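Structure assessment
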Amino acid sequence: MKLVFATNNKHKLEELQAILGDHFSLLSLKDIECFDEIPEEQPTLEGNASQKAYYIYDKFGMNCFADDTGLEIKALNGEPGVFSARYAGEDKDSEANMNKVLAKLVKINDREARFRTVISLVIDGEEKQFEGIVNGEILKEKRGGSGFGYDPIFKPEGLDQSFAEMGLDDKNKISHRGRAVQKLVDYLKKLD
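An unreviewed UniProt entry annotates the protein chain as dITP/XTP pyrophosphatase originating from Draconibacterium sediminis. Under the Subunit (unreviewed entry) heading, UniProt states for the protein chain: "Homodimer."

Structure (structure tokens):
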């Protein structure tokens, strides 16, 4: 089955293709020649994922899925949440985003946080959503060189490594996106 993954983020694409394996052929926005700035104007992860998926489905008539992910920090009342990619500004600078989080938490001991991914799948105009959550904490400094986004400052519950210190396979086994994608894959396999 061919599915469009509504992203231009090559890291997300690689991560997802690794999880999906040979069952599905994943197309990026570039593959379908979509160079639009897809709107993300909703106040929730669920709303953004849905808006992105329907944008592609309505414009290109292709089955697709889109995701939205947020880092939700308890002591910051769920920030950065839906604004995770643009937390420090519109240019989506991961370093600046991490630095802003670390600065806001500098005098805070409760560093409980979670990553949450919502995937919206649209097949033949019908939508289904899948959620993946991984609980953990925000480290006091960046650790590790792999991954992307907030990975260097997020340590999953029960582990000693940040996401950025793990290999892709290990991260996929426990990550929020991995968990949401597993639900998506289980659902898609039933359609096969």
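What follows picks up the thread again.
**Examining the pairing of strand 6 (residues 126-138)**
Looking at chain direction, strand 5 (residues 112-123) and strand 6 are connected through 12 bridges and run antiparallel. Of the residues in strand 6, the one forming a bridge with Arg114 is Asn135. Between the antiparallel neighbours strand 5 and strand 6 lie 2 residues, among them Asp124 with a positive phi of about 50 degrees. The pairing of strand 6 with strand 7 (residues 154-156) spans 3 bridges and is classified as antiparallel. Within strand 7, the position partnered with Glu137 by the bridge is Lys155.

**Some thoughts on the UniProt feature "binding site: Mg(2+)" (unreviewed entry) in the protein chain**
Listed under "binding site: Mg(2+)" (unreviewed entry) in the UniProt record, and renumbered for this structure, are Asp68. You can see Asp68 is positioned in strand 3 (residues 64-73). What Asp68 contacts, discounting residues up to four positions off in sequence, is Glu40, Thr44, Leu45, Asn48, Ala49, Lys52, Val82, Arg116, Thr117 and Val118.

Cut-off values and rules
- Residues numbered from 1 in each chain as written.
- Predicted model: local features only at pLDDT ≥ 70, side-chain atom pairs only at ≥ 80, totals over all residues.
- Heavy atoms only, no water.
- UniProt positions renumbered as here; feature names shortened; annotations may be inferred.
- Pairing = 2+ DSSP bridges.
- Helix = DSSP H or I, 4+ residues; strand = E, 2+ residues; numbered from the N terminus.
- Contact = heavy atoms within 4.5 Å.

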